[in-house]
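The lines below spell out each chain.
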Amino acid sequence: MYRCQNKGWLIGKRGFTLLLVLIFSVTGCANRQIFDETGLVTLVGYDLTKDRQIRATIVMPSINPEAKEKMQIMSDVGETSKGIRDKTNLQSDKRVLAGQLRVALYGNDMAKAGIGSLIDTLYRDPSLSSRIFLCVYEGETYELLTYPYKSQGNIGTYMYRMIDQNIRGEKIPSSTIHEFIRAYYDEGIDSQMPYVSRKGDEIVIKGVALFKGDKYIDWISPNEAFILKLIRGKYKTGSYEISVPAKTFNMTPNSPAGEKEEVQLVFDTINSESKVQLEQVDPPKYKVNIHLKARILELTVPIKLDNPRLMRKMEEALEKELERQARIVMKKLQDLEVDPTGFGIVYKANVRRKEKMAMDEWREKYKKARFEFQVKATVTRNGVMD
Amino acid sequence: MKVNDEVKAGNTISSLHTGFIVLSTQVGVGILGYQRVVAKEAGHDAWISVLMAGIVTHVTVWVILKTLKRYPSADLYGIHQEVYGKHLGAFLSLFYTLYFFLSATVILRGYVEVVQTWVFPNLATWVLTAIILFLAWYTILGGIRVIAGYIFFSVSVAIWLIGDLFFPLRFAEWDYLRPVLEANIGQLLKGMIGMSLSTIGFEVLYAVYPFVQDKERLNRGAQFGVLTTNLIYLFVMIVSLVFFSQGQLMRTIWPTLNLKKMVYFPILERFELVAISIWMIIILPNVIMYIWSGVRGLKRTFGWNMRNILYGILPIIFISSLFLVTREEMNTLNDIYGQIGMYLAYAYPYVLYLLVAWRQGTGGAKEESADVSVPK
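Residues numbered from 1 in each chain as written. Chains lettered and ligands numbered in written order. Predicted model: local features only at pLDDT ≥ 70, side-chain atom pairs only at ≥ 80, totals over all residues. Heavy atoms only, no water.

If you look chain B up in an unreviewed UniProt entry, it shows as Germination protein GerB from Brevibacillus formosus. Recorded in UniProt under Subcellular location (unreviewed entry), the annotation for chain B is "Membrane". The annotation that UniProt attaches to chain B under Sequence similarities (unreviewed entry) is "Belongs to the amino acid-polyamine-organocation (APC) superfamily. Spore germination protein (SGP) (TC 2.A.3.9) family." (UniProt positions renumbered as here; feature names shortened; annotations may be inferred.)

Going by the annotation in an unreviewed UniProt entry, the name recorded for chain A is Germination protein, with Brevibacillus formosus given as the source organism. Under the heading Subcellular location (unreviewed entry), UniProt records this for chain A: "Membrane". Its UniProt record gives chain A a comment under Sequence similarities (unreviewed entry), which states: "Belongs to the GerABKC lipoprotein family."

Here we come to the interface of chain A and chain B. Counting from both sides, the interface comprises 46 residues of chain A and, opposite them, 38 residues of chain B. Taking both sides of the interface into account, the surface hidden between chain A and chain B amounts to around 3,700 Å²; carbon and sulfur atoms contribute 53%. For the interface between chain A and chain B, the tally reads three salt bridges. Where B:Glu173 meets A:Arg232, a salt bridge forms, and the shortest distance between an N and an O atom there is 2.7 Å. Linking chain A with chain B are 22 residue pairs in polar contact (both at pLDDT 80 or more). Taken together, the residues of the side of chain A that touches chain B break down into 20 nonpolar, 12 polar and 14 charged. (Contact = heavy atoms within 4.5 Å. Buried area = accessible area lost by both parts, 1.4 Å probe. Salt bridge = Lys/Arg side-chain N within 4 Å of Asp/Glu carboxyl O. Polar contact = N/O pair within 3.5 Å; in protein donor to acceptor, adjacent residues only side chain to side chain. Nonpolar A, V, L, I, M, F, W, Y, C, P; charged D, E, K, R; others polar.)

On to the environment of A:Met71. Residues and elements named next belong to chain A. Checked against the element boundaries, Met71 lands in strand β4 (residues 71-78). The spatial distance from the C-alpha of Met71 to the C-alpha of Leu145 is 11 Å, given a sequence separation of 74 residues. For Met71, the residues in contact, after removing those within four places along its chain, are Val59, Met60, Pro61, Ser62, Gly153, Asn154 and Ile155. (Helix = DSSP H or I, 4+ residues; strand = E, 2+ residues; numbered from the N terminus.)

We now examine a nonpolar patch on the surface. Residues and elements named next belong to chain B. On the surface, a cluster of nonpolar side chains totalling about 450 Å² of accessible area is made up of Leu51, Ile55, Val59, Trp62 and Tyr350. The element best represented in the nonpolar patch is helix α3 (residues 46-68), accounting for four residues. Tracing the backbone through its elements, the reader meets Leu51 in helix α3. (Patch = residues over 30% accessible without salt bridge, like charges linked within 9 Å, V, L, I, M, F, W, Y side chains within 5 Å. Areas by Shrake-Rupley, 256 points an atom, 1.4 Å probe, with all protein chains shown as cover.)

Our focus in this paragraph is the pattern of salt bridges. Residues and elements named next belong to chain A. A complete count under the given rule lists 36 salt bridges over all chains for this structure. In this structure, the salt-bridge partner of Lys212 is Glu337, at a minimum N-O distance of 3.5 Å. Highlighted residues: Lys212 in strand β9 (residues 202-212) and Glu337 in the loop between α9 (308-336) and α10 (343-350), separated in sequence by 125 residues. The exposure class of Glu337 is partly exposed, given its relative accessible area of 23%. (Buried < 20%, exposed > 50% of the residue type's maximum accessible area, 1.4 Å probe, protein only.)

Attention now moves to the UniProt feature "domain: Spore germination protein N-terminal" (unreviewed entry) in chain A. According to UniProt, the positions carrying the feature "domain: Spore germination protein N-terminal" (unreviewed entry) are residues 32-197 of chain A. Helix makes up 31% of residues 32-197 of chain A and strand makes up 26%, while its end C-alpha atoms are separated by 39 Å.

Nonpolar side chains tend toward joint burial in soluble globular proteins. Counting residues in hydrophobic clusters, the biggest one holds 168 residues, and the most contacted among them are A:Tyr106, B:Tyr111 and B:Ile291. Among the elements that line this core, the one with the most residues is helix α13 (residues 271-302) of chain B, at 17 residues. In this structure B:Tyr111 touches B:Val29, B:Leu128, B:Ile132, B:Ile276, B:Ser277, B:Trp279, B:Met280 and B:Ile283, once residues within four positions along its chain are discounted. A:Val329, A:Val346, A:Trp362 and A:Val379 belong to the second largest nonpolar core, which has 75 residues in total. (Core = buried A, V, L, I, M, F, W, Y, C linked by side-chain atoms within 4.5 Å.)

With that settled, the discussion passes to the domain arrangement of chain A. Residue and element names in this part refer to chain A. According to the domain assignment, chain A consists of domain 1 (31-220) and domain 2 (232-386). Of the residues lining the interface, 18 residues belong to domain 1; the matching set on domain 2 comes to 24 residues. Interface area for domain 1 against domain 2, summed over the two sides, is near 1,600 Å², with a carbon-plus-sulfur share of 52%. For the domain 1 face of the interface with domain 2, the top three residues by lost area are Glu170, Glu187 and Asp190, together amounting to 38%. At the surface where domain 1 touches domain 2, the tally comes to four salt bridges. (Domains from an automatic or database assignment.)

Residues and elements named next belong to chain A. The strand order across the open sheet built from four strands is β11-β14-β15-β16, with neighbouring strands paired in mixed fashion. Each end of this open sheet is capped by a strand with a single partner; those strands are β11 (235-245) and β16 (370-381). Direction aside, neighbouring strands of the sheet carry axes that sit 35° apart on average. Inspection of the sheet shows strand β14 (residues 262-280) paired to strand β15 (residues 285-299) by 13 bridges, in the antiparallel sense. Its bridge partner being in β15, Leu278 is matched across the sheet by Tyr286. Each of β11, β14, β15 and β16 touches α9; the most contacted strand, β16, lies at about 145° to it. (Pairing = 2+ DSSP bridges. Axes fitted to C-alpha atoms, helices over the stretch in contact; angles between N-to-C directions.)

This part takes up unusual backbone geometry. Across the junction of A:Asp282 and A:Pro283, the peptide omega takes the value -5°, indicating a cis bond. Topologically, A:Pro283 is positioned in the loop between β14 and β15. In this structure, the amide linkage connecting B:Arg178 to the following residue, B:Pro179, adopts the cis form with an omega of -10°. Along the chain, the position of B:Pro179 falls in the loop between α7 (144-158) and α8 (185-199). In this model, A:Arg52 sits at a positive phi of 55°, which is unusual for a non-glycine residue. Positive phi outside glycine occurs at A:Glu337, with the angle close to 60°.

Time to look at the pairing of strand β7 (residues 133-137) of chain A. Residue and element names in this part refer to chain A. Within β7, five of the five residues are buried, which leaves the element mostly enclosed by the surrounding structure. Taking every second residue as pointing to the same face, both faces of β7 are buried, with Phe133, Cys135 and Tyr137 on one and Leu134 and Val136 on the other. In this sheet, β7 lies alongside strand β6 (residues 103-106) in parallel orientation, the contact comprising four bridges. Note that in β7 the partner of Ala104 across the bridge is Leu134. Inspection of the sheet shows β7 paired to strand β8 (residues 192-199) by two bridges, in the parallel sense. When the sheet's bridge partners are listed, Tyr137 is paired in β8 with Val196.

All names here are of chain A. Ordered by their spatial adjacency, eight strands build an open sheet running β4-β3-β2-β6-β7-β8-β9-β10, and the pairing between neighbours is mixed. Edge positions in the sheet fall to β4 and β10 (215-220), since each of these pairs with one other strand and no more. Each strand of the sheet is rotated relative to its neighbour by a mean of 30°, with strand direction disregarded. Across four bridges, the pairing between strand β2 (residues 43-48) and β6 is parallel. Each bridged residue has a counterpart across the sheet, and for Gly45 the counterpart in β6 is Leu105. Packing of helix α2 (residues 81-89) onto the sheet brings it into contact with β2, β3 (54-61) and β4, and relative to β4 it is tilted by some 125°. Here helix α4 (residues 116-124) sits on the sheet and contacts β2, β3, β6 and β7; the angle it forms with β6, its principal contact strand, is near 170°.

In structure tokens form, the structure reads like this:
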């Protein structure tokens, strides 16, 4: 291997070794980033100030053992987010780096004004991950982040874990920055992200915020979001609670509050698949077939579930309820003129065209679109009891 | 100069090694960003363009080998000499040689740009360029067998990088692929041409040929290399098309690296940084093979000493890569290079084959270019 003794090597063995040493030492010249000297931002919140500037609030864990607080929160106002980062650097004893950023929060007013450019800068920066979670807060994020919580610890990682585990548990749709940018630059779908609020000492995911382009429009409840995902998507471990008229089971249940008209059923480990077909092009008419399997987990009436007829009734009740809910949700979305489900993608996939469809064109079509839902539900198990 | 180059039996490589050489020279810096170039023309049908480009590559490689097989052990430069005569032949060989050196420069600078954008924004261009060129120089001095060995190592070390694309597949939107064949044939062809920057590399066969031991099995080896390349390109393209929306893809410079951004492990959150570092192992064979092929050309055409040529050419590559600074310059250079590459790697082999066939058919063939099927 080492053939430097050969004649004809112009620089010889010594020169070769010198070059090798030089090259290995040159690799040490790269910018070092020492952990103790960097502040790792885990969360950033953006608000719109009254004079239409941006206020950014950043949260980073403090690793100073003498400090009482476990985290450091800094905030400043500016025109661009990276400009603010430079300003916050002036408030810190450490170099502020955003490579560990996990959650980007947008205040209500900011989100309504449009957040396209703010998200673009996060996505453009190669030092940031494309798995950052985006989130809308119902008020000012500054107020949310500076509130003295008792048990949340580091609010940055707390919020990350909260969103992450809810996405994994399929309670809310995934909202990474990649998915936002993908929907933002697509002509057939609108973005959505979690909608967070604060109740006293607790931070709650209140629902799902709907976007039109890069502007926040309205929010829907987790139950409505569940239906949306059911319409076009897959469930592996979802769960859902429905109310069924008590008449279905020919009984009037007694509860502590007296007689009730309705029976509540809770299903979990929902496994679903959906098939969306475009039946008619103009105006668009969709047929949505949903197959789901679920396990019944809780009933508010003591029914014995060994009767197949009864089980079938329960399935039918679930099917009807889901179909009804789906119609209501889609009506709401059409009135809002947002398409978070991506029916536009289905439309594009089924209609051959010469030129690309513009988003405005799709919105016009979307308003007139009709939907037909057909749910086929199977209750596979009922726990360990009949 | 003799048309055929006699290579010592101890200095040959097998046909399978040649397949690896073709594979690793084809896959380089182009795979990081070809999706956008192709999809700009063919839209979501870009994968069909990739498929078509793959088939054309197979045919072109077949023609190249067909040309070479008309000689017992000649390379491009020897063939040039015979077909065009001494002066014109030397001129064309020089041109092809310059193209090889240009390839090495473009790939080298392209990789350094990726490192500067993604990993070390403050890194001076000369540092990484110098390191890579030093490694290339060291390997080339070892001879073709060392190069082939290194390339085998590089492919085995880097091939698993393709497996991590299953991470982005979790975000796949398969409806993005429909309707199939929405693009018309003209758009597909344009997309195919856009692929040429990424699929060229097999033309080093022209220079390697004399060193191949089992020439009668070379077709199998080389086509195997091309097939692997094509499958990789096809797979990466399909994953990109379902992972990105079209508008997003148009704004992404290196989609393959954005795909790798979705890969993460509990102990390793930013996999793309690892991938970019490993990419150096993939880039090096490109640089090595192109420089080696060019140097061979100068040696064969003008009879110069290979080491001296290296000492002359490496500084030129080094300095010219320092002049490329902005993204715009890189884009222009890539476009020009893709064009030249398309003509020299895809169109020229057919012309050369016809010329060789005509030359030998009219009795202009010399004795030494007798039938090939006789093993040496």
